[in-house]
Structure formats: structure tokens, C-alpha cells
Amino acid sequence: MSVDATLSFEEAMEKYDPVLGFEVHVELNTKTKMFSSAPNVFGDEPNTNVNEVDLGMPGVLPVVNKTAVESSIKIGLALNCKIAESCRFARKNYFYPDTPKNFQTSQYDEPIAYDGYLDIELEDGTVFRVEIERAHMEEDAGKLTHMGGAAGRIQGADYSLVDYNRSGVPLVEIVTKPIEGAGSRAPELAKAYVAAVREIVKNLGVSDAKMERGNVRCDANVSLRPHGRELFGIRSETKNVNSLRAVEHAVRYEIQRHAAVLDSGEPVIQETRHWHEDTRSTTSGRPKSDADDYRYFPEPDLVPVVASREWVEELRATLPEPPAERRKRLKEAWGYSDLEFRDVVNAGVMDSIEETIAAGASADVARKWWMGEIVGRAKVADVDPSELGVTPQVIVELNKLVEDGKINNKMATQVLDGVLAGEGTPAEIVEKRGLAVVSDDGPLLEAIDAALAAQPDVAEKIRGGKVQAIGAIVGGVMKATRGQADAGRVRELILEKLGVEG
Ligand SMILES: Nc1ncnc2c1ncn2[C@@H]1O[C@H](COP(=O)(O)OP(=O)(O)OP(=O)(O)O)[C@@H](O)[C@H]1O
Ligand SMILES: [Mg+2]
Ligand SMILES: [Mg+2]
């Protein structure tokens, strides 16, 4: 059997339990690099944000970026880790053109943060605790672009391009302990875990956290063992998976592939794998043993990083509320159902609703406007709902106009469109367009007489007790008043006129 064959996911689950492990690399958004004063900027002309330290010129000395250390401590704290009182950098030696120094400055046996955990909420509401082994500081490598080869840009090219702008960009690598017991929820957990880490670093403000830019990258380790067996199987490590969907699919694919290999009686090879979005599959990278000889040794050019307990506590005091706790708090405060709240989160309007409530709207009014009106308009305009230009004040004002009986709901949506078209504030638009609910009964009665006269058969039905037929008369009045009547009042007046109980 070919090693790259797969079993169906269900078949794999009948026989094996998956064990997962994630190494998530987070690029920090510091102004300068981890050990040099070169700018840390994405997307600039290649090899412009590089200095002699990044290039490993002889005689240069690195200097630790204090903000990067602070950000690393914040990440450690947000992941419920212990923070080392003192920790050192180490050289991870390897020879490859993405690193001109021939070693990556990293941390080895003394990570800055260790022994943490993250509680991950799954779709069915259960909470799965992922234990964090460590979070350590290191620097990113340069970016290689292979011009030839299967995925290359130029057919038959035999060279690669290198951009050292990324060398020395501060990274935090977050490593989980082996995760057992996820069973068939392993792919979902993989996606939810990386999503949670991404959300945390974004919320801390320490990373731009854009996966499509490589700010957050995941290496996904997967192994299988037969049900009931204690010993772990051999793992594969799918490198640099850079979207949430891809993490989910890569874990799923690797589970299916491992199952096929194990079923065929062949050994699983401990290796890196590459994820391919187009075929939704992985291919073999390089073999990798746990004892890869990086000849780690303490970095002699840097003193240990000492994190005093006072400093750590100062940083802890600056941490924002964790995203999961914030969601829980808001859902309870607003009294939304699970489904309503999930819809709000998925539509990306939780913050907007919070602001609208703070501006004076009730939770239900805020949800009605954002979910019922604004999300749909944002979709049409192909922008984020928060970018449509609706301020909390607009909604509060619109709602007040309706509550005071100045305009009805239908007019309010027209006023909203006016606001979006830049015609002014809701009150100005109401004034300019002459919108107003006709509250004076006189003109309404006239319109009612006309509508009844136009549809005598309907009038007869209502008199005879078929009150539900009233819609046709109300409709006629609304049409005659160009939508400016209060439909409830019209209904009352019609019933009064016909001498029927509502
Ligand atoms: N048998 C296994 N099955 C699945 N995951 C495993 C297994 N053994 C270890 N892991 C996980 O794999 C990850 C290994 O990451 P770690 O950074 O420790 O080592 P590495 O991948 O060998 O090193 P490098 O950082 O150079 O890639 C951890 O998350 C660990 O929990
Ligand atoms: Mg690894
Ligand atoms: Mg690692």
C-alpha cells in the first residue's frame, strides 16, 4: 500500500485515538527586531529592513528588545503560564540560507514561560483544557522563495530568492504538551486552539495576528495509537499551516493517512510534512528525529533575561479581559440566547452592539438594528459591519424617533439608508424628507373612508366578524398616506368606524 493512501476519518476513528501537539509561532509587532534596531515592518521592498546584526556580520553584538520581552511575558500570563525569574537564550545551530548567522537565537532549556493551559470551548459547548508546555522567545528566519520546482514561479529555474527583512523579527513559540482524549473532535479542537491563541495575542495587542501574513503559524503534530494503548505513536509534524481551516483539514488528513499506514503494517515515519491547500493533503518533507543535532548551547553574547516579580505583576495588571471571559460576561448581561449570541459573534458585531448599548440602547434594540438591518447592508457593500459608518448615536436616535411615534419602523430603515448615503443625522433626514407619522386622525379618517368605499366587500366581511380581512383596508390607507400612517392607529380607527370589536 502506498504510504500516502488514506482511510476514511470514521474508519480511522474506529481503531485509533489521535494524539496532537501544536507549536504556534507568533510574530510580535514591535517597532524593531528581536536583537537589532532594524525596523520590523511587513511588506517592504526585500532586504531593506536589514542591518549587520540580522546578517550576522563578524563582531556585531545583539541587544534584547525589551518590548519583545514584555510581550512574551504578557503572552505567558495570558496562557496561565509561570514566568521564569531568569532565563537565557540559546543558539540553535543549522546551516541554511534563510539564516546567514548559521544559528537561530532561540531559547532551549530555559523558556521565559512554562506550565500553562488554555481552556478551549468546542462547538457543542464542552470545554477542553489544552496544557501548555512552554512559550519561548526566538527570532524569525529570512524568507526563501524557490523559483523552480513543482510550486516554483519559473519552470526549470534552479535558484531561490532570499529576503532577510524577516530575519530577526521577534517570535514567541508556544508549544503544547501532547493532547490526548480529543477523539473524533481532534480536527475541530486543532482549529479552535489555534483560533484561541490567535485571538489572545490579538487582544493583547502584541501581534497583528494575521495568519495570511504569517504572523501566526502553526506546526501541527499528529500521531495515532490503537484504542486502549498507553504508549504514543510516532508523530508527523505538518509545518507552517497558515489558516484556521487548513489547520483543521491538515489534522484530519494526517489522522486518515496515519491510519492507512498503520493498517498496512508499515511504520509511520517521524518527519515534517507540507500542507497543500489545492489538494487538501500533505506531502513528505524531511525526516526528523527527536534528537536532531542542533548543538544547542547558551548564547554567549547575551546576558540572562531577569524578570522581577514586580515587573511581572505590573504587566499582569495591564492585561485586557480574556476574550472568552468577555464573551461570557456580555452574553449574560445582554440576555441573548446561545443562538442569538453566536450569530452576533459570527457576524462580527459584538463590539458594535456593546458600544450601542453603552450609548443608551437596550440590548434587544441594539441587536435588532445590527443583526436585522446593518449586517445585511454591510454584506451588500462588501465591508465589515463596523466600517459601514453607523455610529451608536445613529441607532439610539433612530430608535428614539420610533419610540416617540415620530416615524414608524419602515421609515426608520429609510432614514438609516439616508444616513449611510451621507444625507445627515436621522433628525435632519426626517426633517428634509418631510417624514412623519400622520398622527392627526382627520386625514386618516378621510383615507379610511376612501379605502372602505373602494372595497365594500371587504368592509362587509369585517362587519360580519372576519376581522383578519382588515389588512386590505389598512394597506389601502398606508398606500394613500405614502406609508406615513401609524398602522396600529389606522386599525383602531377602522374597527371603531365599523363598530367591530378588535
Ligand atoms: N507522539 C506524539 N504525538 C503527537 N504530538 C506529539 C507527540 N510527541 C510530542 N508531541 C508534541 O509535538 C510538539 C513537539 O514540539 P517541540 O517544539 O517540543 O519539538 P520539535 O518539533 O521536535 O522541535 P522544533 O521546535 O525544532 O520543531 C509538542 O507540541 C509535543 O507536545
Ligand atoms: Mg516542531
Ligand atoms: Mg518547536
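Since the model is a prediction, treat every value here as computed from it, not as a measurement.

A. Quick peek at the nonpolar core. Counting 72 residues, the largest nonpolar core has Phe 22, Ile 73, Ile 174 and Tyr 193 as the members making the most contacts within it. With 11 residues, the single largest contributor to this core is helix α3 (residues 186-204). Excluding its chain neighbours within four sequence positions, the residues that come into contact with Ile 174 are Phe 22, Glu 23, Val 24, Val 26, Ile 75, Leu 79, Ile 132, Arg 134, Ala 135, Tyr 193 and Val 197. Formed by 33 residues, the second largest nonpolar core is a distinct cluster that contains Ala 361, Val 375, Val 394 and Ile 395.

B. Main features of the site of ligand 1. What surrounds ligand 1 is a group of 21 residues, the closest being Glu 23, Thr 176, Ser 223, Arg 235 and Lys 288. The separation between an oxygen atom of ligand 1 and a polar side-chain atom of Arg 235 is 3.0 Å. The separation between an oxygen atom of ligand 1 and a polar side-chain atom of Lys 288 is 2.8 Å. A total of 630 Å² of accessible area belongs to ligand 1 in isolation, and the protein chains cover 83% of it. With 5 residues, the top contributor of residues to the shell around ligand 1 is strand β1 (residues 16-27). Residue composition of the shell around ligand 1, by class: 7 nonpolar, 5 polar and 9 charged.

C. Looking closely at the environment of Ser 167. One can find Ser 167 in the loop between β9 (160-163) and β10 (170-176). For Ser 167 and Leu 319, which are 152 residues apart along the polypeptide, the C-alpha to C-alpha distance reads 29 Å. Excluding residues that lie within four positions of it along the chain, Ser 167 makes contacts with Lys 33, Asp 54, Asp 140, Ala 141 and Gly 142.

D. The arrangement of the side chain of Glu 23 in detail. The topology assignment puts Glu 23 in strand β1. We note that Glu 23 is buried and unpaired, the nearest opposite charge coming from Arg 235 at a distance of 4.4 Å. Within the local environment of Glu 23, its side chain forms a polar contact with the side chain of Asn 221, the two groups lying 2.9 Å apart.

E. Here's a closer look at the coordination of the magnesium ion (ligand 2). With distances of 2.0 to 2.3 Å, the protein atoms coordinating the magnesium ion (ligand 2) are Glu 23 (OE), Glu 23 (OE) and Glu 237 (OE). Separating the magnesium ion (ligand 2) from the magnesium ion (ligand 3) is a gap of 3.5 Å, which Glu 23 spans by donating to each of them. You can see Glu 23 sitting in strand β1 and its partner Glu 237 sitting in strand β12 (residues 236-241), a full 214 residues away along the chain. Comparing Glu 23 with Glu 237, the two get one shared label, buried.

F. Layout of the packing of helix α2 (residues 66-78) against α3. For the pair α2 and α3, the least separation of the axes is 10 Å and the interaxial angle reads 130°. When the axis of α2 is compared with that of α3, the two are oblique. In the packing of α2 onto α3, the handedness of the crossing is right-handed. Each of Lys 74, Ile 75 and Ala 78 in α2 lies in contact with α3, whose residues at this interface are Ile 200, Val 201 and Leu 204. Its residues placed into classes, the contact of α2 with α3 shows 5 nonpolar, no polar and 1 charged.

G. Region of the structure containing the sheet that holds strand β14 (residues 281-287). Overall, mixed pairing links the 9 strands, which are arranged β2-β6-β7-β10-β1-β11-β12-β13-β14 in an open sheet. Single-partner strands in this sheet number two, and they are β2 (82-83) and β14. Strand direction decides the pairing type here: β2 and strand β6 (residues 113-121), joined by 2 bridges, are antiparallel. By the bridge assignment for β6, Lys 82 is matched with Tyr 114.

H. Region of interest: the pairing of strand β7 (residues 127-139). Across 8 bridges, β6 lies against β7 in antiparallel orientation. Following the sheet pairing, Gly 116 is matched in β7 by Ile 132. In sequence, β6 turns back onto β7 through a hairpin of 5 residues, with Gly 125 there showing a positive phi of about 95°.

Thresholds, definitions, all that
- Every chain's residues receive numbers from 1 upward, in the order its sequence appears when written.
- Chains carry letters and ligands carry numbers; both start at the beginning, A for chains and 1 for ligands, and go up in the order they are written.
- Only residues with pLDDT of 70 or above have their local features reported here, since the model is predicted, and side-chain atom pairs are shown and tallied only from 80 upward, although totals for entire chains, interfaces and linings are computed over all residues.
- Note that the side-chain values use all heavy atoms of the structure and ignore hydrogens as well as water.
- Joining through side-chain atoms within 4.5 Å is the link that ties buried Ala, Val, Leu, Ile, Met, Phe, Trp, Tyr and Cys residues into a set, and such a set is a nonpolar core.
- When a residue's accessible area, from a 1.4 Å probe over protein chains only, is under 20% of the maximum for its type it is buried; when over 50% it is exposed; and in between it is partly exposed.
- Only DSSP runs of H or I covering at least 4 residues are called helices, and only runs of E covering at least 2 are called strands; the numbering of each starts at the N terminus.
- Whether two residues are in contact is decided by their heavy atoms, any of which lying within 4.5 Å being enough.
- Only a single heavy atom is needed: when it lies within 4 Å of a molecule or strand, its residue is near that molecule or strand.
- Between N or O atoms, a polar contact is any pair within 3.5 Å; within protein, one atom must be a potential hydrogen donor and the other a potential acceptor, and residues adjacent in sequence are included only when both atoms are from side chains.
- Accessible surface area values rest on a Shrake-Rupley calculation with a 1.4 Å probe, where residue burial reflects the displayed protein chains alone.
- As a working rule, the residues Ala, Val, Leu, Ile, Met, Phe, Trp, Tyr, Cys and Pro are called nonpolar, Asp, Glu, Lys and Arg charged, and the rest polar, with Gly in that last group.
- Charge counting follows a simple rule: Lys and Arg are positive, Asp and Glu are negative, and His as well as the terminal groups are ignored.
- Whenever a carboxyl oxygen of Asp or Glu lies within 4 Å of a side-chain nitrogen of Lys or Arg, that contact is scored as a salt bridge.
- Each metal's donors comprise the N, O and S atoms found within 2.8 Å of it (within 3.2 Å for Na, K or Ca). Water is not part of the atom list, so some coordination spheres may appear incomplete.
- Here, axes are lines fitted to C-alpha atoms. For helices the fit covers the stretch in contact, and angles between N-to-C directions go from 0 to 180 degrees.
- Roughly parallel means an angle under 35 degrees; roughly antiparallel, over 145; roughly perpendicular, 65 to 115; everything else is oblique.
- By convention the crossing between two helices is left-handed if the near helix lies anticlockwise of the far one by an angle smaller than a right angle, and right-handed if it lies clockwise.
- Two strands qualify as a pair provided DSSP detects at least 2 bridges between them.

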